[in-house]
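Each chain, written out:
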Amino acid sequence: MSFIGSDYHTSEVDTGWNGIRARVFHELIFAARQLGAQPIIARHSSLRLHALYDWMGEEELIDVVQLLESCTRVEIDRGLPLTTATGQVLPPVVFTCFPLLSSFEVLKLPPHLEPHKLKKVLPSDSVFIYTPMNLKPQLSRSPSVAEYEFSWVQGTAGSVEVHLFNPLPLALKVTDICLIAEGVKFQSHPFNRTLPPKSGPCFINILCTPRQPGTFRITGYQMTLFGVVSRCLFAQLPQIKQNVFTVDVAPTLPSLLPYSDLPKSPYRVTRGDNQILNSALLQIYIGERREYSIKLKNTGCVAITKIEATLESEKHNNILGQILTLDLSHLEDSLPLLPESEMDIVIKTVGVMKHSDLPDTSLISPTHSGEVKHTTSSALIQSLIRMTCTGEEGEKMSYYKETFMAIDTVLIPSINIISQEIFNVDMDTCRVAYKVFNEGNMTLNVQSSDSVVSLKPMQSEW
């Protein structure tokens, strides 16, 4: 009697086949209640609910759900084949119509946790030979498998986003929602969600943590509804075009957190992928040299065996090397960097630029005393420290993580001309007098054609 199965679902409201099927279900459930067979009552009630839910009235729906929950309250239906006393096998009922899954998407890890794989480059002296002969049959990629270019990481929770609809006029208390997957060992993070009546789409994130590297194949999801465990495979869901969602899992990688004791930059620096974890503001006067320390902390659970750091700037690459350099001479001595350990790298700053080379920038700049003032003569150089790190297993499989820290450098002229006067304009030669202001935090000797003026910090003089 396959016509009573859940795969024979129809929403036609009539007294034909639906009426006959409803009567058959009623008789089966009545007979099971007479026998006191709670598991069989639950199985027939589940099938009746799934096959005829949109043909039932609200009161009938509530009655069936209450009967089902009263049976599974004693013993949950774990979704396994059920054998009756006569030897007949009742297959499990999978609730695929409610809640209805309309979308399934594997999500990337946050940018600072996402692994990257080194691309293999062929040697320049390698030889490429082309032949039109088909020496080996090409493997066709199945359209039923969704493969992603990004990867997850062993030991880091990954997430998928699903959209669920509730077509029933009563709330659905869905519990123990988790993924069904194969290929690598993983840890599920089940959670519960109540879907309001006639609602959707409800956006839900399902988490799981791979426990070994390899290929992670997601084939469906599992949930418990009305005390019935349903293993919903994508192959059973016609609205989902792929049967399998595949993502590569990288080995456990360390995580690098850059920070410093310097003030954070008030200037907003963004990248498209928001990988910037921290920022620092450097201030230097023209002619001044300073060194700043940046701390790197291993916040992962494995040691860092390799770190690379470079400076880059989207707007100021042509002058960045004149102002900032990274001192990485002691980097190798600090490796391997164990979990929760720290190391320092040094940024050397040199204010050697001519005033004409400075970007034409008007900004608000903190002074040496920490106060904020507006100056049109200062210049802002925006840059990033790009850091990559990996561990022992990551090096073997060519995986690494990437982190960015924003470094904003304010270049302040040591002497600022605030006004000028011209004398003897009508004569062949004239004299120009400048009023200069020492914006630095040290005393400066300013030499003109006939005198030397000593300017204390924050002092002006003609």
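All values derive from a computational prediction rather than experimental measurement. (Residues numbered from 1 in each chain as written. Predicted model: local features only at pLDDT ≥ 70, side-chain atom pairs only at ≥ 80, totals over all residues. Heavy atoms only, no water.)

Caption draft 1: Region of the structure containing the overall build of the protein chain. From N to C terminus, the protein chain includes 5 helices and 28 strands. Among the 462 residues that make up the protein chain, the fraction classed as buried is 42%. Contacts in the protein chain between residues at least 24 apart in sequence constitute 70% of all its contacts with a sequence separation of at least 6. (Helix = DSSP H or I, 4+ residues; strand = E, 2+ residues; numbered from the N terminus. Buried < 20%, exposed > 50% of the residue type's maximum accessible area, 1.4 Å probe, protein only. Contact = heavy atoms within 4.5 Å.)

Caption draft 2: Broad picture of the sheet that holds strand β3 (residues 100-106). Read across the open sheet, the 4 strands follow the order β3-β6-β10-β8; overall the sheet is antiparallel. Each end of this open sheet is capped by a strand with a single partner; those strands are β3 and β8 (186-189). Strand after strand, the sheet turns through a mean of 25° between neighbouring axes, direction not considered. (Pairing = 2+ DSSP bridges. Axes fitted to C-alpha atoms, helices over the stretch in contact; angles between N-to-C directions.)

Caption draft 3: Geometry of the pairing of strand β11 (residues 214-225). Pairing of strand β7 (residues 172-182) with β11, which is carried by 6 bridges, proceeds in the antiparallel orientation. Along β11, the bridge assignment pairs A181 with I218. Note: β11 against strand β13 (residues 244-250), 5 bridges, orientation antiparallel. Bridge pairing links G214 to V249 in β13. Bridge analysis of β11 against strand β12 (residues 228-233) gives 6 bridges, and the strand direction is antiparallel.

Caption draft 4: Seen up close, the pairing of strand β15 (residues 276-285). Across the 10 residues of β15, 8 count as buried, placing the element largely inside the fold. Here β15 runs beside strand β23 (residues 399-412); their pairing, made up of 9 bridges, is parallel. The partner of Y285 across the bridge, within β23, is I412.

Caption draft 5: Here's a closer look at the pattern of salt bridges. Scanning the model with the defined rule gives 10 salt bridges in all. E288 is the partner of R290 in a salt bridge, and the nearest nitrogen-oxygen pair spans 2.8 Å. Relative accessible area serves as the criterion here: at 32%, R290 is assigned to the partly exposed category. Exposure remark for E288: the relative accessible area of 13% places this residue in the buried category. (Salt bridge = Lys/Arg side-chain N within 4 Å of Asp/Glu carboxyl O.)

Caption draft 6: Focus on unusual backbone geometry. In this structure, P99 follows F98 across a cis peptide bond, with omega equal to -10°. Residue placement: P99 occurs in the loop between β2 (89-90) and β3. Put simply, L335 and P336 share a cis peptide bond, and its omega is 0°. Its location among the elements puts P336 in the loop between β18 (324-327) and β19 (342-350). Positioned with a positive phi, D176 is a non-glycine residue whose angle comes to about 55°.

Caption draft 7: Spatial organisation of the sheet that holds β18. Taken in spatial order, the 4 strands make up an open sheet running β14-β16-β19-β18, and their pairing is antiparallel. Each edge of the open sheet carries a strand with a single partner, namely β14 (256-259) and β18. When strand polarity is set aside, the average angle formed by the axes of neighbouring strands in this sheet is 30°.

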